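Commentary on secondary and tertiary structure
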Amino acid sequence: MYEIISKKSLNSSVEWMEVHAPFVARKCESGQFIILRVDEDGERFPLTIADYDREKQTITIIYQIVGFSTQKLSQKQVGDFIHDFVGPLGRPADLKPHKRVLGIGGGVGAAPLYPQLKRLHELGASVDVILGGRSDEFVILEDELKAFCDHVYVATNDGSKGTKGFVTDILNELVSQGTIYDEIITIGPLIMMKVVCDITKDLGIPTSVSLNPVMVDGTGMCGGCRVTVGGKIKFACVDGPDFDGHLVDFEECMRRQSMYKEEEHLCKINLGG
Ligand code: NAD
Ligand code: FES
């Protein structure tokens, strides 16, 4: 059992939680994830490790309340326990000590992006980031990223903060001004990662994405997290979650992501959501 040490809301649908998980905190690296079950009957679901503290033996997770299981997690309070918290899973992100890196985070995708950018900064890279959200409220971790990023750009769909538009509008502006990046890391909605990759492929900028398909066992056995990368079948839980974005079959990922929408909706109704 894993105790919730602290918890806060980042906006109306996204929460930050620090969990006491000594083994995971001792071993984890940026880019890895855990699979948790809120209680004995709960469904397993993956969450990227947003931060860790080896001394305090804690792991930080950031989650969006989107379905039945994240609603149940959200009902837990400080001092309560999470039943299972398995990890670290997946491969650590392959972070090269580039000179200049750009992170692009869409909505809650900024959470898994944060530890990778922080690590790159520690490795000596100069880091810029573009954060996108539907409105001001949905832009998360801006202050945390400002602590080490050279430039933090913000785009909101409704213009309530930063540039009015998508993260890709800022990306297009930066590259048209001649700003050069050695690598781009983008995490967020599949459609956003796809559009970013379409742009960066033409520009020849290596681009890494993080995929979070449906996961069950997290060990490469169930096939739930199957994705196609470079024409080959990969399992996001053991081969990823990070992949070369220029090789990912995003259309297939998007089809598979929508497979359980109806069931999620019914569960939410049953929970009173
Ligand atoms: P959202 O739909 O509000 O989008 C966030 C931002 O992405 C937008 O503000 C915009 O700047 C950009 N965007 C969206 N559609 C775009 C398009 N067509 N072209 C260019 N840019 C576009 O995001 P949300 O509701 O916060 O959802 C976050 C998403 O991130 C979820 O779909 C979730 O599954 C995903 N996510 C992925 C991971 C991962 O590891 N891959 C982790 C956490 C969250
Ligand atoms: Fe089962 Fe990846 S979660 S194969």
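Residues numbered from 1 in each chain as written. Chains lettered and ligands numbered in written order. Predicted model: local features only at pLDDT ≥ 70, side-chain atom pairs only at ≥ 80, totals over all residues. Heavy atoms only, no water.

**With respect to the overall build of the protein**
- Looking only at helices and strands, the protein features nine helices and 17 strands.
- Relative to the compact-globule value of 19 Å for 273 residues, the protein shows a C-alpha radius of gyration of 18 Å, a close match.
- Evaluated residue by residue, the protein yields a buried proportion of 49% over its 273 residues.
- Within the protein, counting contacts between residues at least 6 apart in sequence, those at least 24 apart form 65% of the total.
- Only carbon and sulfur atoms are counted for the fraction: they give 50% of the accessible area of the protein, which is about 12,900 Å².
- Averaging the locations of the 29 positively and 39 negatively charged side chains of the protein gives two centres separated by 3 Å. (Helix = DSSP H or I, 4+ residues; strand = E, 2+ residues; numbered from the N terminus. Rg over C-alpha atoms; globule rule 2.2 N^0.38 Å. Buried < 20%, exposed > 50% of the residue type's maximum accessible area, 1.4 Å probe, protein only. Contact = heavy atoms within 4.5 Å. Areas by Shrake-Rupley, 256 points an atom, 1.4 Å probe, with all protein chains shown as cover. Lys, Arg positive; Asp, Glu negative; His and termini not counted. Charge placed at Lys NZ, Arg CZ, Asp CG, Glu CD.)

**Things to note about the pattern of salt bridges**
- According to the stated counting rule, one finds 14 salt bridges in the structure shown.
- K96 is the salt-bridge partner of D94, the closest N and O atoms lying 3.1 Å from each other.
- One salt bridge connects D128 with R100, and the closest N-O pair in it is separated by 2.9 Å. With D128 in strand 10 (residues 126–133) and R100 in strand 9 (residues 100–106), this pair connects stretches of sequence that are 28 residues apart.
- Residue D128 is classed as buried on the basis of its relative accessible area of 0%.
- Within this structure, D136, E142, K146 and K161 form a network of salt bridges that share partners. (Salt bridge = Lys/Arg side-chain N within 4 Å of Asp/Glu carboxyl O.)

**Description of the site of ligand 1**
- Around ligand 1 lies a shell of 21 residues, among which G133, R134, N157, V167 and S210 are the nearest.
- In this structure, an oxygen atom belonging to ligand 1 sits 2.8 Å away from a side-chain N or O atom of N157.
- Expressed as a share of its isolated accessible area of 860 Å², the protein-covered part of ligand 1 is 81%.
- Secondary structure elements with two or more residues in the shell around ligand 1: strand 10, helix 5 (167–176) and helix 6 (190–203).
- The greatest single-element share of the shell around ligand 1, amounting to three residues, is contributed by helix 6. (Near = heavy atom within 4 Å. Polar contact = N/O pair within 3.5 Å; in protein donor to acceptor, adjacent residues only side chain to side chain.)

**Quick word on helix 6**
- For helix 6, with 14 residues, the first-to-last C-alpha span of 20 Å sits near the 20 Å given by 1.5 Å per residue.
- Listed in full, the buried residues belonging to helix 6 are L190, M192, M193, K194, V196, C197, I199 and T200.
- Next to the buried residues of helix 6 lie strand 9, helix 5, strand 13 (183–187), strand 14 (207–210) and helix 8 (250–257).
- Following helix 6 by one or two positions, G204 has its phi on the positive side, about 70°. (Expected span 1.5 Å × (residues − 1).)

**A short note on the packing of aromatic side chains**
- This model, assessed by the stated rule, comprises two aromatic pairs.
- Geometry around W16 places K8 over its ring, the cationic atom sitting 4.6 Å from the centre.
- Positioned above the aromatic ring of F138 is the side chain of R134, whose terminal nitrogen or guanidinium carbon lies 4.4 Å from the ring centre. (Phe/Tyr/Trp six-rings, centres within 6.5 Å; stacked < 30°, edge-to-face > 60°. Lys NZ or Arg CZ within 6 Å of the ring centre and 35° of its normal.)

**Some remarks on the nonpolar core**
- Counting 32 residues, the largest nonpolar core has I104, I130, L171, I184, L211, V248 and F250 as its most contacted members.
- Take this core: its biggest share by element is six residues, from helix 6.
- V14, A125, L141 and I185 belong to the second-largest nonpolar core, a separate cluster that totals 26 residues. (Core = buried A, V, L, I, M, F, W, Y, C linked by side-chain atoms within 4.5 Å.)

**A closer look at the confidence of the model for the protein**
- Within the protein, residue pLDDT values average 92, and 95% of them lie at 70 or more.
- Mean pLDDT per element in the protein: helix 9 (residues 261–270) is the minimum at 61, and strand 11 (residues 151–156) is the maximum at 98. (pLDDT = per-residue confidence, 0-100.)

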